[in-house]
Amino acid sequence: MAQIGKRNSLIVLHSTPHGIYLDGGDHGEILLPNRYIPKGTSLGEALDVFIYRDSEDRLVATTEVPLAMVGEFATLEVVSVNRNIGAFLNWGLLKDLLLPFREQADQVYVGDKVVAYIMLDEKTDRIIATTRLNRHLSRERPPFKPAQPVPLLITARTPLGYNAIVAGTHVGLLYHTNIGAPLQVGQRINGFVSAVHPSGKIDLSLDASGYQRVASLTDRILEALKNNGGKLDFDDDSHPEAIRSHFEASKKAFKQALGSLYKQRRIRFTNPGIEILDVREAKDGDWKPSGPEAK
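Just so it is clear, the structure is predicted and the values come from calculations on it, not from any experiment.

Visitor: Help me understand the packing of aromatic side chains in this model?
Guide: Note on aromatic pairs: each is described by the distance of the centres and the angle between the planes. In this structure the tally under the stated criterion is eight aromatic pairs. Taken together, a centroid distance of 5.6 Å and an interplanar angle of 80° make the contact between Phe50 and Trp91 edge-to-face. Within this pair, whereas Phe50 is found in strand E4 (residues 46-53), its partner Trp91 is found in the loop between strand E7 (86-90) and strand E8 (97-100), the two being separated by 41 residues in sequence. Classification of Phe50 as buried rests on a relative accessible area of 0%. Geometrically, the ring pair formed by Tyr262 and Phe269 is tilted, given 5.5 Å between the ring centres and 50° between the ring planes. Of the residues examined, Phe269 reaches a relative accessible area of 29% and is grouped as partly exposed. What links up through ring pairs into an aromatic cluster is the set Phe50, Tyr52 and Trp91.

Shown next, in the form of structure tokens:
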């Protein structure tokens, strides 16, 4: 049976002037309008389609891919507000997604980007959004381990840091002390689990912990040096966002890694920037260190 709000592989049954009909199982025949029919489609063929309801509450199919499906969290933009029913979000389809007033944790306005959960309304069987996120997070004990890499979705700023949805299932906390630059609500970023407390609360970090973090980052810095002729414009004074963008690490971790490389006599500071000292790290042997270190 076709699943509403999901991608489905459905068989083409027959064609009409308005489009082709697909086998929706218990949902009956589902129309795929002409504008979405792939060129060369034939009867009996299986098509990968997304199923939702149109403005007249009929089930329809599309080959377009929404920004999020039922059961997923996503950051979506508010494109309009109807004072009678709620706000509408752009989720990548012709028909915008309703965020009813009753499902708004806080009032939203046109232009806002909100973190929402996509679900089926139990009463109407329509796809709607909600910003009341906690009720849709897992209550099971988190299965994560310390230092485990995890995808994060930033959901709120708090006095302690930022709340984030971890791997789409649980909520965790990124402390301000573990962040080198401000984050944005709705931002997706890769992070690490710092600790899972007996209560089930999850502490997060944007870097792996301890020596493992420094070691892997030093390798990335050396690789970047090799690929750039032995020199880089990055150093202790580089902007945190530039470091995050280039090395996917906080400024604190980056400075620790530079300190480790400096103590190992692998780099020197050129003010600004850094330079590799170990000729073996030079790319293809075509770069040689200069200055006193070369002697």
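Visitor: Please explain the side chain of Thr158 as it appears in this structure.
Guide: Within the secondary structure, Thr158 sits in the loop between strand E11 (149-157) and strand E12 (161-166). Those residues in contact with Thr158, other than ones at most four positions away along the chain, are Asn163, Leu173 and His176.

Visitor: Explain unusual backbone geometry to me, please; I cannot follow it from the model alone.
Guide: Only a minority of non-glycine residues have a phi that is not negative, and only a minority of peptide bonds are not trans. With an omega of 10°, the peptide bond between Asn271 and Pro272 qualifies as cis. Mapped onto the secondary structure, Pro272 falls in the loop between strand E17 (267-269) and strand E18 (274-276). With phi around 65°, Asp125 is a residue other than glycine that occupies positive phi space. Relative to the assigned elements, Asp125 resides in the loop between strand E9 (113-120) and strand E10 (127-130).

Visitor: So what exactly am I meant to see when it comes to the nonpolar core here?
Guide: What tends to happen in soluble globular proteins is that the nonpolar side chains get buried as a cluster. Counting 34 residues, the largest nonpolar core has Leu22, Leu89, Ile118 and Ile127 as the members making the most contacts within it. With five residues, the top contributor of residues to this core is E4. For Leu22, the contacting residues outside a window of four places in its chain are Leu10, Ile11, Val12, Leu13, Gly28, Glu29, Ile30, Leu32, Leu47, Val49 and Ala61. Formed by 18 residues, the second largest nonpolar core is a distinct cluster that contains Leu225, Ile243, Leu258 and Leu261.

Visitor: Would you take a moment to explain the sheet that holds strand E15 (residues 202-205) for this structure?
Guide: Hydrogen bonding along the main chain pairs the strands of a sheet, whether they run parallel or antiparallel. Pairing in this closed barrel of five strands is mixed, and the strands run E11-E12-E13-E15-E14 around the ring. Here the strands of the sheet are splayed against their neighbours by 55° on average, with no regard to which way each runs. With six bridges joining them, E12 and strand E13 (residues 170-175) adopt antiparallel strand pairing. Bridging across to E13, Ala164 finds its partner in Gly172.

Visitor: Sorry if this is basic, but what is going on with the sheet that holds E17 here?
Guide: Taking strand neighbours across the sheet as the criterion, the three strands line up as E16-E18-E17 in an open arrangement whose pairing is antiparallel. Strand pairing shows two members of the sheet lacking a second neighbour, strand E16 (231-232) and E17, which therefore form its edges. Pairing of E16 with E18, which is carried by two bridges, proceeds in the antiparallel orientation. If you follow Leu232 over to E18, its bridge partner there is Ile274. The strands touched by helix H3 (residues 251-263) within the sheet are E17 and E18, with E17 carrying the most contacts at an inclination of about 115°.

Visitor: Which parts of the structure should I look at to understand the pairing of E4?
Guide: Each regular strand shows side chains that alternate between the opposite faces of the sheet. Counting buried residues along E4, six of its eight residues qualify, which places the element largely inside the surrounding structure. For strand E1 (residues 7-16) and E4, the ladder comprises five bridges, and the chain directions are antiparallel. Looking at the pairing, Arg7 lines up with Phe50 of E4. Relative to strand E5 (residues 59-62), E4 is paired through four bridges, and the arrangement is antiparallel. When the sheet's bridge partners are listed, Tyr52 is paired in E5 with Val60. In this structure, the hairpin formed by E4 and E5 is closed by a connection of five residues, where Asp57 is found at a positive phi of approximately 70°.

Visitor: Where do I start with H3 in this structure?
Guide: Each full turn of the α-helix corresponds to 3.6 residues, which orients residues three or four apart in the same direction. The terminal C-alpha atoms of H3 lie 18 Å apart, and with 13 residues this matches the ideal 18 Å at 1.5 Å per residue to within 8%. With its phi angle positive at about 60°, Arg265 sits one or two positions after the end of H3.

Visitor: In this structure, what is going on with the side chain of Arg53? I would like to understand it.
Guide: Within the secondary structure, Arg53 sits in strand E4. Under the relative-accessibility criterion, Arg53 is labelled buried at 16%. Polar contacts involving the side chain of Arg53 include one to the main-chain carbonyl oxygen of Asp57, which spans 3.0 Å. Side-chain polar atoms of Arg53 contact the backbone oxygen of Asp125, separated by 3.3 Å. If sequence neighbours within four positions are ignored, Arg53 has contacts with Ile4, Arg58, Leu59, Val60, Lys95, Thr124, Asp125 and Arg126.

Quick notes on the rules
- Positions within a chain are numbered from 1, following the residues in the order the chain's sequence is written.
- Where totals are concerned, whole chains, interfaces and linings use all residues; where local detail is concerned, this predicted model gives features only for residues with pLDDT of at least 70, and gives and counts side-chain atom pairs only at 80 or more.
- Here the side-chain values reflect all heavy atoms present in the structure, with hydrogen atoms and water set aside.
- Pairing of aromatic side chains requires ring centres within 6.5 Å, counting the rings of Phe and Tyr and the six-membered ring of Trp. Pairs whose planes differ by under 30 degrees are stacked, by over 60 edge-to-face, and all others tilted.
- In this description a helix means any DSSP run of H or I spanning at least four residues, a strand means any run of E spanning at least two, and both kinds are numbered starting from the N terminus.
- Accessible area is worked out with a 1.4 Å probe on protein chains only. A residue is then buried under 20% of its type maximum, exposed over 50%, and partly exposed in between.
- The contact definition used throughout considers only heavy atoms, calling two residues in contact when any of these lie within 4.5 Å.
- Take the buried Ala, Val, Leu, Ile, Met, Phe, Trp, Tyr and Cys residues and link them wherever side-chain atoms come within 4.5 Å; each set so joined is a nonpolar core.
- Pairing between two strands requires that DSSP report at least two bridges joining them.
- What counts as an axis is a line fitted to C-alpha atoms, over the stretch in contact for a helix, and the angles between N-to-C directions run from 0 to 180 degrees.
- Given the number of residues in a helix, its expected span is that number minus one, multiplied by 1.5 Å.
- Whenever two N or O atoms come within 3.5 Å, that pair is a polar contact, provided that in protein one can donate a hydrogen and the other can accept it, and provided that, for residues adjacent in sequence, both atoms are side-chain atoms.

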